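Each chain, written out:
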Amino acid sequence: MGMMLFLLLLFPPLLAALLAFIVRPYRAFVGRLNALLSLVTLGAAVTCVALALVGGEVPTFGPGEIFRADSLAALLMLCVTAVATLTLSLSPGLGGETPYDAVQLRRYHSFINLFIFAMLLAVSANNVGIMWIAVEATTIFSAFIIPLTLTKASVEASWKYILIGSVGIALAFAGTVLGYFDFVTQAGHVENALNWPVLLTTAPRLHPEVMRLAFVFILVGYGTKAGIAPMHTWKPDAYGESPAPLGALMSSALFAVAMYAIIRWKVVVDATVVDGYTDNLLFALGMLSLLIGCFSLVLARNYKRMLAYSSIEHTGLICLGLGLGPLGVFAAMLHLINHTVAKSLVFFLVGHIERKYGSPLIEDVRGLLKLMPWTGGLFAAGLLALIGLPPFGLFITEFALFRAGFARNQPWLMGAALALLAVAFIAIINHLNRMLYGPPPEGVRGGEVSLWRIALLALGVAVLVVLGLTLPAPLATLLNQIVGIVSRT
């Protein structure tokens, strides 16, 4: 059972990448087949979630159980595969008009599938070494797509992303090595020593001072991939120059994968260091991310960069939640789910807007509701969801997060976070108002994208509304299982 699940999860994106690489010149059937194959990975992820919900034996596969799907991994698999399916279904080159030529489309479909494979490998790996390799691979594969349209700005953004991401992942490697050698010193050469359950079992016997230092390297390293401030500087450039589908994957799925790595190591370090050390680090970097993200939103002039600053803001909120005990972990994981849906949705809409107006600048977009009423309405809904307005799910998660903060006797921290969220609220409402209304620019003709694309994105808004009005029982069960894994309750 485990072998079949992991093969169905990991093999389809590899097959899709190989197909896109072999077929030369690119043909539209390749993109359509890639979208169909993504449904296989989505089905495997849903099956992993279903197995986690029934509380049965955790699916494993490979020598030494190098692949494992507990509740936390299953949730991340579902997030990655859901966004990947949407991405491949809305990618350029599936038929109809496209701004890219056959060479660009071949490169795009080859590397986007490899990128998806690397993210799925990272969250399904039971081995810290394999996870590190997979996260490093996400940098390499996605960097080939950022300059899909070759310009000076896109090439610079790609190189900046590679350099900063590689430094970050090198620091994560240093932290992993520190943790491993401390483990070997205490437990000797144990079989499967790099597997999470083995590390966690030995964690109480590890040296607290070594694990403190290791977690700093790990938090900074994987935090670079997540965009935690002050390691966030690649995000505005990469998001601003990426094609919309890649931006959707990076801002939602890749962000979730990086946070997953931090959460896994936090559990191990908390079992060694029991004085709230990891929580305090997450509080500090979370507040810094909120501060930088919220005030950068005020100064934003590019709406794709605006979404990058929004991601930094939400990174800060999730970091705060992870440090606030079981209630905070529950809120943070639910926030991550809602953010994954909302941010991917908005990035696809941004791609439609940029194609219509021919500019990524906020000042060049006017009269969006007149020219593209459906796109404008969904874009407004997505941004309102991201700033935490009801009836969307992020309102509930932010409420739950602040409730957890006050319950943990952190009134000053929560008060400062609320003040910063007010700044972000005002900034985004101001930018949104300028884009939706006013006279449209001369020479820009009205007209929507295809109806089926609008329908797919409207489904995302519906999901956000449902999560804002109710918490489905299966999701609540899964989140409670994850709280047990993270908080060890």
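Note: the structure precedes this text.
Anyway, here's the lowdown on the structure attached to this text. (Residues numbered from 1 in each chain as written. Predicted model: local features only at pLDDT ≥ 70, side-chain atom pairs only at ≥ 80, totals over all residues. Heavy atoms only, no water.)

**Side note on the nonpolar core**
Convention followed: Within this scheme, the nonpolar core is defined by two criteria: the residues are buried Ala, Val, Leu, Ile, Met, Phe, Trp, Tyr or Cys, and they are joined through side-chain atoms within 4.5 Å. Categorising residues by exposure relies on relative accessible area from a 1.4 Å probe, with only protein chains included: less than 20% of the type maximum marks a residue as buried, more than 50% marks it as exposed, and the intermediate range marks it as partly exposed. Going along the chain from the N terminus, every DSSP run of H or I of four or more residues is numbered as a helix, and every run of E of two or more is numbered as a strand. The contact criterion used throughout is that any non-hydrogen atoms of two residues lie within 4.5 Å.
Within the largest apolar cluster, 179 residues are counted, with the highest numbers of intra-cluster contacts made by Met131, Tyr222, Met250, Met259, Trp265 and Phe379. For this core, the element with the highest residue contribution is helix 10 (residues 244-272), accounting for 20 residues. Excluding residues that lie within four positions of it along the chain, Met131 makes contacts with Ala122, Ala125, Trp196, Tyr222, Tyr260, Ala261 and Trp265.

**Points about the packing of aromatic side chains**
Test applied: Aromatic contacts are taken between Phe, Tyr and Trp rings whose centres are within 6.5 Å, Trp giving its six-membered ring; a plane angle under 30 degrees counts as stacked, one over 60 as edge-to-face, and the others as tilted. Ring-over charges, as used throughout, are those where CZ of Arg or NZ of Lys falls within 6 Å of the ring centre and within 35 degrees of the ring normal.
For the structure on display, the rule yields nine aromatic pairs. Arranged with centres 5.5 Å apart and planes meeting at 75 degrees, the rings of Trp196 and Trp265 form a pair that is edge-to-face. Note that Trp196 is positioned in helix 7 (residues 196-202) and Trp265 in helix 10, a separation of 69 residues in sequence. Ring centres of Trp234 and Tyr239 lie 6.1 Å apart, and the angle between their planes is 80 degrees; this geometry places the pair in the edge-to-face category. Exposure remark for Trp234: the relative accessible area of 1% places this residue in the buried category. Residue Tyr239 is classed as buried on the basis of its relative accessible area of 0%. Linked through ring pairs, Tyr161, Trp234, Tyr239 and Phe347 together constitute an aromatic cluster. One cation-aromatic arrangement involves Arg212 over Tyr277; the distance from NZ or CZ to the ring centre is 4.9 Å.

**A word on unusual backbone geometry**
Of note, the amide linkage connecting Arg24 to Pro25 takes the cis form, showing an omega dihedral of 0 degrees. In the segment running from Ala229 into Pro230, the intervening peptide bond is cis, with an omega of 5 degrees. By the element assignment, Pro230 lies in the loop between helix 8 (208-226) and helix 9 (234-241). Backbone geometry places Asn409, a non-glycine residue, at a positive phi of 60 degrees. Mapped onto the elements, Asn409 comes out in the loop between helix 16 (393-407) and helix 17 (411-436). Its relative accessible area of 63% is what places Asn409 among the exposed residues.

**Re helix 17**
Convention followed: The span expected for a helix works out to 1.5 Å for each residue beyond the first.
The end-to-end C-alpha distance of helix 17 is 37 Å, a good match for the 38 Å that 26 residues give at a rise of 1.5 Å each. Of the residues making up helix 17, those classed as buried are Leu413, Met414, Ala417, Leu420, Leu421, Ala424, Ala427, Ile428, His431, Leu432, Met435 and Leu436. The inward-facing, buried residues of helix 17 abut helix 11 (277-299), helix 12 (303-322), helix 14 (368-371), helix 15 (373-386) and helix 16. Immediately downstream of helix 17, the backbone of Gly438 shows phi near 95 degrees, a positive value.

**Regarding the packing of helix 1 (residues 2-22) against helix 4 (residues 102-124)**
Our working rule: Interaxial angle, 0 to 180 degrees, is taken between N-to-C directions of lines fitted to C-alpha atoms, where a helix line uses only the stretch in contact. Note that the term roughly parallel is reserved for angles under 35 degrees, roughly antiparallel for angles over 145, roughly perpendicular for angles of 65 to 115, and oblique for everything else. Left-handed describes a crossing whose near helix is turned anticlockwise from the far helix through less than a right angle; right-handed describes the clockwise counterpart. Three residue categories are used. Nonpolar comprises Ala, Val, Leu, Ile, Met, Phe, Trp, Tyr, Cys and Pro, charged comprises Asp, Glu, Lys and Arg, and polar comprises the others, including Gly.
Their axes nearest at 7 Å, the elements helix 1 and helix 4 cross at an angle of 160 degrees. The pairing of helix 1 with helix 4 is recorded here as roughly antiparallel in orientation. Our pair here, helix 1 against helix 4, has a crossing hand that is left-handed. Along the contact surface, helix 1 presents Phe6, Leu9, Leu10, Pro13, Leu14, Ala16, Ala17, Ala20 and Phe21, while helix 4 presents Arg106, His109, Ser110, Asn113, Leu114, Ile116, Phe117, Leu120, Leu121 and Ser124. Across the contact of helix 1 with helix 4, the residue classes break down as 14 nonpolar, four polar and one charged.

**Some details on the pattern of salt bridges**
Using the following cut-off: Counted as salt bridges are all cases of a side-chain nitrogen of Lys or Arg within 4 Å of a carboxyl oxygen of Asp or Glu.
Following the criterion strictly, the structure yields eight salt bridges and no others. Across the salt bridge formed by Asp70 and Arg68, the nearest N and O atoms sit 3.5 Å from each other. Since its relative accessible area comes to 7%, Asp70 is described here as buried. Of the residues examined, Arg68 reaches a relative accessible area of 21% and is grouped as partly exposed. Lys266 is the salt-bridge partner of Asp279, the closest N and O atoms lying 3.1 Å from each other. Pair noted here: Asp279 is in helix 11 and Lys266 is in helix 10, with a separation of 13 residues, a long-range link. With a relative accessible area of 13%, Asp279 lands in the buried category. Connected through salt bridges with shared partners, the residues Arg68, Asp70 and Arg264 form a single ionic network.

**Considerations on the environment of Leu114**
Along the chain, Leu114 turns up in helix 4. Considering only alpha carbons, one finds Leu114 and Ala137, 23 residues apart in sequence, at a separation of 8.7 Å. Setting aside chain neighbours within four positions, we find Leu114 in contact with Leu14, Ala17 and Phe141.

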